[in-house]
Amino acid sequence: GDAALIAYCKAMREMGYGIGLYENFTDYNPLGASWDLRNAARNSAGETLRVWPPTYAIRPLKALDMALDYPRRVQAKFGTNTAYRDCHTAYPPWGQVDFQAGTPGAGMMATNFRAWGALLMDGHRAYGGPIFSEGGHHWFSAGLVDGNYAQMGIPDAPDQPLLVDFDLLRIHPLEADISMLPGWSWGQGVWHCLATTIAYGHIGFQPVNDLPLAARYYYLMQQLQARYVMVPVAEIRYHQAGRFL
């Protein structure tokens with residue numbers, strides 16, 4: 001119940017950890033107390049825009065309105081000092097454009113992009129701590145949150161060349177992205193994923209199901225990432241045939 005969660009958040013803060021809850025201001029559920037069909041986004045045919053079943057896309061301006069309210073209530077009640085704000089950086093800026101007639105900026109990608117950008121940045125003010133999101137299209141919003149899952153989304157990831165320039169030079173100075181997800185890209189290759197996480201200058205994603213693996217991963221990453229996260233890159237060189245080019 002609430003009392004147990006309040007006590008848990010307090011204990012985590014006292015140990016020096018950031019503690020936060022899951023948030024979602026893109027998937028609007030008809031079962032929620034705040035449900036109102038007028039808040040659901042419409043596509044260009046005027047139909048409600050379905051997303052992850054059984055939810056609908058929420059109008060971006062309404063999402064911003066809710067995101068300026070609910071997190072402050074959560075922080076005041078539970079004492080959270082961070083949050084995982086899901087989905088926003090997984091969509092491209094045109095991913096949930098609202099065409100509802102009469103809405104300011106209807107049918108414009110910029111309306112969605114600006115509302116979500118303001119929503120992501122406000123998380124810092126609500127919680128006084130870092131905000132993370134899902135990633136996947138996170139280069140569009142680099143720096144608006146503190147980090148994202150660094151999702152590759154390509155098959156046979158260990159067989160692909162590591163082309164790190166864009167990530168290290170453009171995204172790395174603005175946020176601390178997490179690992180190199182999704183895990184299926186690497187098969188069972190935890191260490192492939194770990195090595196690539198380091199090459200791209202990301203922070204680790206702690207394994208939890210295997211205690212010896214978790215301990216080894218932690219002691220490999222914790223001190224190392226503290227030395228390179230968001231540190232400007234001086235030089236990038238690629239090894240080929242015995243030479244660094």
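Everything below is about the structure shown above.
The structure displayed is predicted, hence computed values, not measured ones.

1. Notes on helix α4 (residues 109-127)
Reasoning step 1: For α4, spanning 19 residues, the distance from its first C-alpha to its last is 28 Å, which sits close to the expected 27 Å at 1.5 Å a residue.
Reasoning step 2: A maximum bend of about 25° is found in α4 at Met121.
Reasoning step 3: Taken together, the buried positions of α4 are occupied by Thr111, Asn112, Ala115, Trp116, Gly117, Leu119, Leu120, Asp122, Gly123, Ala126 and Tyr127.
Reasoning step 4: Close packing links the buried residues of α4 with β1 (20-24), α2 (60-67), α3 (70-78), β4 (82-86) and β5 (131-133).
Reasoning step 5: Positioned one or two residues after α4, Gly128 has a phi angle of 70°, which is positive.

2. Notes on the pairing of β4
Look at any regular strand and the pattern is simple: side chains alternate between the two faces of the sheet.
Reasoning step 1: For β4, the tally of buried residues reaches four of five residues, placing the bulk of the element in the interior.
Reasoning step 2: Alignment of β4 against β5, held across two bridges, turns out to be parallel. Considered in β5, the bridge of Ala83 is made with Ile131.

3. A short note on empty space enclosed by the protein
Picture a little ball the size of a water molecule; that probe, rolled over the atoms, points out where space is still empty.
Reasoning step 1: What the rule picks out here adds up to two cavities of 30 Å³ or more.
Reasoning step 2: In this structure, the largest cavity spans a volume of roughly 100 Å³.
Reasoning step 3: Taken together, 13 residues form the lining of the largest cavity, with His88, Phe113, Trp116, Leu120 and Ser141 sitting closest to its centre.
Reasoning step 4: Taken together, the residues of the lining of the largest cavity sort by class into eight nonpolar, five polar and no charged.

4. A look at the nonpolar core
Reasoning step 1: With 16 residues, the main nonpolar core has Phe25 and Leu119 as its most contacted residues.
Reasoning step 2: Ranked by the residues each element gives to this core, the list is headed by α4, at five residues.
Reasoning step 3: Beyond its immediate sequence surroundings of up to four residues, Phe25 is in contact with Ile58, Ala63, Met66, Ala67, Pro71, Arg85, His88 and Leu119.
Reasoning step 4: Within the second largest apolar cluster, eight residues are counted, among which are Ala150, Leu168, Met180 and Trp186.

5. As for the packing of helix α6 (residues 190-199) against helix α7 (residues 211-228)
Reasoning step 1: Running from N to C, α6 and α7 cross one another at 10°; their axes reach a closest spacing of 11 Å. When the axis of α6 is compared with that of α7, the two are roughly parallel. In this structure, α6 contributes Val190, Trp191, Leu194, Thr197 and Ile198 to the contact, and α7 contributes Leu213, Arg216, Tyr217, Leu220, Met221, Leu224 and Tyr228.
Reasoning step 2: Considering only residue class, the contact of α6 with α7 consists of ten nonpolar, one polar and one charged.

6. Describing a nonpolar patch on the surface
Reasoning step 1: A cluster of nonpolar side chains, contributed by Trp94, Met109, Phe113, Trp139, Phe140 and Phe166, occupies part of the molecular surface with about 620 Å² of accessible area.
Reasoning step 2: By the secondary structure assignment, Trp139 is in the loop between β5 and β6 (147-148).

7. Points about the pattern of salt bridges
Reasoning step 1: Under the definition given, this model contains ten salt bridges.
Reasoning step 2: A salt bridge links Lys62 to Asp65; the nearest nitrogen and oxygen atoms lie 3.3 Å apart. In this pair, Lys62 and Asp65 are both assigned in helix α2, three residues apart and thus about one turn of the helix distant.
Reasoning step 3: Using a relative accessible area of 44% as the deciding quantity, one classes Asp65 as partly exposed.
Reasoning step 4: One salt bridge connects Glu235 with Arg237, and the closest N-O pair in it is separated by 3.9 Å.
Reasoning step 5: Residue classification places Glu235 among the exposed residues on the basis of a relative accessible area of 57%.
Reasoning step 6: Within the structure, one salt-bridge network assembled from shared partners comprises Arg72, Asp122 and Arg125.

8. Considerations on the packing of aromatic side chains
Reasoning step 1: Applying the stated criterion across every chain yields a total of nine aromatic pairs.
Reasoning step 2: Judged by centre distance (5.6 Å) and plane angle (50°), the ring pair of Tyr84 and Tyr149 falls under tilted. With a gap of 65 residues between them, Tyr84 in strand β4 and Tyr149 in the loop between β6 and α5 (165-171) connect regions that are remote in the sequence.
Reasoning step 3: Residues Trp139 and Phe140 carry aromatic rings whose centres are separated by 5.6 Å and whose planes lie at 35° to one another, so their mutual orientation is tilted.
Reasoning step 4: Taken together, the aromatic side chains of Tyr22, Tyr84, Tyr149 and Phe205 make up a single cluster linked through ring pairs.
Reasoning step 5: We note Arg50 situated over the ring of Tyr56; from NZ or CZ to the ring centre the distance is 4.5 Å.
Reasoning step 6: The ring of Trp191 carries the charged tip of Arg216 above its face, separated from the ring centre by 4.5 Å.

What counts, and where the lines are drawn
Residues numbered from 1 in each chain as written. Predicted model: local features only at pLDDT ≥ 70, side-chain atom pairs only at ≥ 80, totals over all residues. Heavy atoms only, no water. Helix = DSSP H or I, 4+ residues; strand = E, 2+ residues; numbered from the N terminus. Expected span 1.5 Å × (residues − 1). Bend = angle between axes of the 7 residues up to and from the residue. Buried < 20%, exposed > 50% of the residue type's maximum accessible area, 1.4 Å probe, protein only. Contact = heavy atoms within 4.5 Å. Pairing = 2+ DSSP bridges. 1 Å grid on protein atoms, 1.4 Å probe; cavity = no way out; pocket = protein on both sides within 12 Å on 5 of 7 lines; lining within 4 Å. Points joined across faces, edges and corners; volume = space filled by probe spheres on them. Nonpolar A, V, L, I, M, F, W, Y, C, P; charged D, E, K, R; others polar. Core = buried A, V, L, I, M, F, W, Y, C linked by side-chain atoms within 4.5 Å. Axes fitted to C-alpha atoms, helices over the stretch in contact; angles between N-to-C directions. Parallel < 35°, antiparallel > 145°, perpendicular 65-115°, else oblique. Patch = residues over 30% accessible without salt bridge, like charges linked within 9 Å, V, L, I, M, F, W, Y side chains within 5 Å. Areas by Shrake-Rupley, 256 points an atom, 1.4 Å probe, with all protein chains shown as cover. Salt bridge = Lys/Arg side-chain N within 4 Å of Asp/Glu carboxyl O. Phe/Tyr/Trp six-rings, centres within 6.5 Å; stacked < 30°, edge-to-face > 60°. Lys NZ or Arg CZ within 6 Å of the ring centre and 35° of its normal.

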